[in-house]
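A closer look at the structure
The chain contents come next:
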Amino acid sequence: MSSYKIIFLGGGNAAGYAARAFVENCLKAGELAIITEEPYVAYERPALSKGYLLGEFGRWCAARLPGFHTCVGGGGERQAPEWYSEKGITYLTNSRVVKADLANKALTLASGEVLSYEKLIIGTGARPTRLTEFGVPGADLGGLFYLRDVKDGDVLVAAVAATKEAGGKAVVIGGGYIGMEVAAGLSSSGLSVTMVFPEDRILSRLLTPQLAAVYERLYDAKGIKMVKGAKVTGFDGVDGKVSWRCGQSLDAGLVVVGVGARPNVELFQGQLEIAAGGIKVDGQMATSVPDVYAVGDVAAFPLTSVASGEVSYARQEHVTHCRLSAAQAAKAILGLSPPPYDYLPFFYSRVFALSWVFYGEAPADATAVHFGDMPEAKCFGCLWLGAGGKLVGAFLEGGSADDAAVLKAAVAGRLTIPTEEGGLGAAAGSGAAVVAQLKAKL
Ligand SMILES: Cc1cc2nc3c(=O)[nH]c(=O)nc-3n(C[C@H](O)[C@H](O)[C@H](O)COP(=O)(O)OP(=O)(O)OC[C@H]3O[C@@H](n4cnc5c(N)ncnc54)[C@H](O)[C@@H]3O)c2cc1C
């Protein structure tokens, strides 16, 4: 049996950032092992629905490994496999953990090998929700694709090439982040794309009708069709037809499904406390079992609501949380007693030439104040104001990194924004002017 001081189980996005934090804080060679079922060391997963798809056919260079290994997305060193070996970190790729015995501090690999640890970090991430889980007829047919890892990306890129030779029609199921980004990628790859989703607008969880309309106009201009308010009811394997609730059907050579994700918690059921569907942790990312920590998509941590100030356990399937929580667990394990994890929700996306950031929350009962060049789809955004004009969320399209930092500080500082005349508002004009006014208030 191999023994390690620390094992990171699930060498995905968070693992690379945990390794960096361990190395920066003087981990000794031989103390850390990372285990992943993927054949690659940690990489920046968000690239899969952006450069990985767009680059192959678009005007940018394709994103391909080793180009996007962590921690390039977080402004750090590119940690290729040699980086880990130079630092004395064991990285077990192609190694699936099939049993986690937390009472005895032992992990069993699919090969039968057993590894023991003193401290364990769980970063098993999430997997795509599959339409087979809902019993959708035909959802197990070939021609349906999901996107979570490089293997999925490679299969999809090959399918795009084949579909171009065979009618060039694609359907994307889902109007959230993945659906929006994949639709843009497939369209840029030369496919004729139709999106099908049950909501009344794209990314309805975040975008107001006004914001969504800007992106929908862009998608329309790119030839992407949208079937809104429609749930897919089945797939027909003969000619790749997709049918939806109102009884109509579409021909498609390729269907990509992006309808959410499920945290990978099954190995730990009955052994760890669960919250919000994930592994419950405290502000040090420590779970209910001593010496076991959880980070990234799988962790449910105490999150303070910007709007209400209430604390509840929440999961965040976003790369910034994965990076920060990984570093938090590493510091906690090394006895550095970091202050409790204090996370401000942050989302971003890039579609075609557009790129947006969002900080905080967008509660339905907040006042949404739009600003900027929305008709031109240039620099524009929205502020969500809660009780007393408190800024609880901010969205910005087309700003710079400095502008994003201003938004972040403004939301983190819970700035009060007067909505009456003279305050920030729709009349405030350009996106740049609003950012400047926020900056002046900090
Ligand atoms: C296509 C795509 C686009 C995204 N775009 C964005 C974006 O634009 N912005 C953003 O903020 N976030 C984005 N995300 C989300 C972001 O990538 C995740 O939040 C992040 O990857 C979470 O990191 P993690 O380490 O917790 O999990 P993961 O990166 O999923 O890593 C988990 C790892 O654990 C491995 N594993 C699981 N179970 C086992 C086991 N039993 N044995 C061994 N290994 C196991 C998995 O194979 C995987 O390698 C995107 C995600 C996807 C899939």
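As recorded in an unreviewed UniProt entry, the protein goes by the name monodehydroascorbate reductase (NADH), listed as coming from Volvox carteri f. nagariensis.

**Examining the overall build of the protein**
Per the secondary structure count, the protein includes nine helices and 26 strands. At 23 Å, the protein has a C-alpha radius of gyration in line with the 22 Å of a compact globule built from 442 residues. By its C-alpha atoms, the protein is 60 × 60 × 40 Å across when sized along the principal axes. Sorting the 442 residues of the protein into buried and exposed places 47% on the buried side. Put simply, of all contacts in the protein between residues at least 6 apart along the chain, 64% involve residues at least 24 apart.

**Some points on the sheet that holds strand β22 (residues 346-351)**
Sheet strands line up and pair through hydrogen bonds in the backbone, either parallel or antiparallel. Read from one edge to the other, the open sheet built from five strands follows the order β22-β23-β26-β25-β24, with strand pairing classed as antiparallel. Only two strands of the sheet have a single partner each, and these edge strands are β22 and β24 (367-372). Taken pair by pair, the neighbouring strands of this sheet meet at an average axis angle of 10°, ignoring direction. One ladder, built from six bridges, connects β22 with strand β23 (residues 354-360); its direction is antiparallel. Bridging across to β23, R350 finds its partner in S355.

**A word on the nonpolar core**
In this structure, I7, A18, V255, Y293 and V295 are the most contacted members of the largest nonpolar core, which totals 140 residues. It is helix α7 (residues 319-333) that provides the largest number of residues to this core, a total of nine residues. Excluding residues within four positions of it along the chain, V295 makes contact with A14, A18, I121, G123, M285, C322, S325, A326 and A329.

**Examining the sheet that holds strand β11 (residues 225-227)**
The strand order across the open sheet built from five strands is β8-β15-β9-β10-β11, with neighbouring strands paired in parallel fashion. The sheet terminates laterally at β8 (144-145) and β11, the two strands that pair on one side only. As paired strands, strand β9 (residues 169-173) and strand β10 (residues 192-196) are joined by five bridges and run parallel to one another. Note on β10: the bridge partner recorded for A170 is V193.

**Let's talk about unusual backbone geometry**
Residue L65 is joined to P66 through a cis peptide bond whose omega torsion reads 15°. Relative to the assigned elements, P66 resides in the loop between α2 (51-57) and α3 (81-86). The residue after T70, namely C71, is reached through a cis peptide bond having omega 10°. By the element assignment, C71 lies in the loop between α2 and α3.

**Quick look at helix α6 (residues 209-221)**
End to end, α6 covers 18 Å across 13 residues, agreeing with the expected 18 Å (1.5 Å per residue, within 8%). For α6, the full list of buried residues reads L211, V214, Y215, E216 and Y219. In this structure, the buried side of α6 is in contact with α5 (177-188), β11, β22, β25 (380-385) and β26 (391-397). Residue G223 follows α6 closely and has a positive phi angle near 90°.

**Quick look at the pairing of strand β20 (residues 299-304)**
Across two bridges, strand β18 (residues 278-280) lies against β20 in parallel orientation. Bridge assignment links K280 to a residue of β20, and that residue is A300. Where β20 lies against strand β21 (residues 311-314), four bridges are found, and the strand directions are antiparallel. When the sheet's bridge partners are listed, T304 is paired in β21 with V311. Joining the antiparallel neighbours β20 and β21 is a turn of six residues, in which G309 adopts a positive phi near 80°.

**Here we look at the domain arrangement of the protein**
As assigned here, the protein comprises domain 1 (2-42 + 79-127 + 262-333), domain 2 (131-259) and domain 3 (353-441). Its C-alpha centre places domain 1 at a distance of 35 Å from the equivalent point of domain 3.

**Topic: the site of the ligand**
For the ligand, the set of nearby residues contains 34 residues, the closest of which are G10, G12, A14, G125 and G296. Listing elements by their share of the shell around the ligand, those giving two or more residues are α1 (13-24), α7 and β22. Per element, the largest residue contribution to the shell around the ligand is three residues, and it comes from α7. Per-domain counts for the shell around the ligand show at least three residues from each of domain 1 (2-42 + 79-127 + 262-333) and domain 2 (131-259).

**Describing α7**
Taking 1.5 Å per residue, 15 residues should reach 21 Å; α7 reaches 21 Å between its end C-alpha atoms and fits that length. Counting buried residues along α7, 14 of its 15 residues qualify, which places the element largely inside the surrounding structure. With its phi angle positive at about 80°, G335 sits one or two positions after the end of α7.

**Quick notes on the pairing of strand β1 (residues 2-9)**
Of the strand pairs in this sheet, β1 and strand β6 (residues 114-122) are connected by seven bridges, and their pairing is parallel. Pairing of L9 across the sheet is with I122, part of β6. Each parallel crossover has a hand, and for β1 linked through α1 to strand β2 (residues 32-35) it is right-handed.

**So, the packing of helix α8 (residues 401-412) against helix α9 (residues 431-441)**
Close contact between α8 and α9 brings their axes to 9 Å; oriented N to C, the two are set at 50°. The orientation of α8 with respect to α9, classified from their angle, is oblique. At the point where α8 passes α9, the crossing takes the left-handed sense. Across the interface between the two elements, D403, V406, L407 and A410 of α8 pack against V435, L438 and K439 of α9.

Cut-off values and rules
Residues numbered from 1 in each chain as written. Predicted model: local features only at pLDDT ≥ 70, side-chain atom pairs only at ≥ 80, totals over all residues. Helix = DSSP H or I, 4+ residues; strand = E, 2+ residues; numbered from the N terminus. Rg over C-alpha atoms; globule rule 2.2 N^0.38 Å. Buried ≥ 20, exposed ≤ 12 C-beta atoms within 10 Å, placed from the backbone. Contact = placed C-beta atoms within 7 Å. Pairing = 2+ DSSP bridges. Axes fitted to C-alpha atoms, helices over the stretch in contact; angles between N-to-C directions. Core = buried A, V, L, I, M, F, W, Y, C linked by C-beta atoms within 7 Å. Expected span 1.5 Å × (residues − 1). Domains from an automatic or database assignment. Near = placed C-beta within 6 Å. Right-handed = clockwise from strand over helix to strand, strands pointing away. Parallel < 35°, antiparallel > 145°, perpendicular 65-115°, else oblique. Left-handed = near helix turned anticlockwise from the far one by under 90°.

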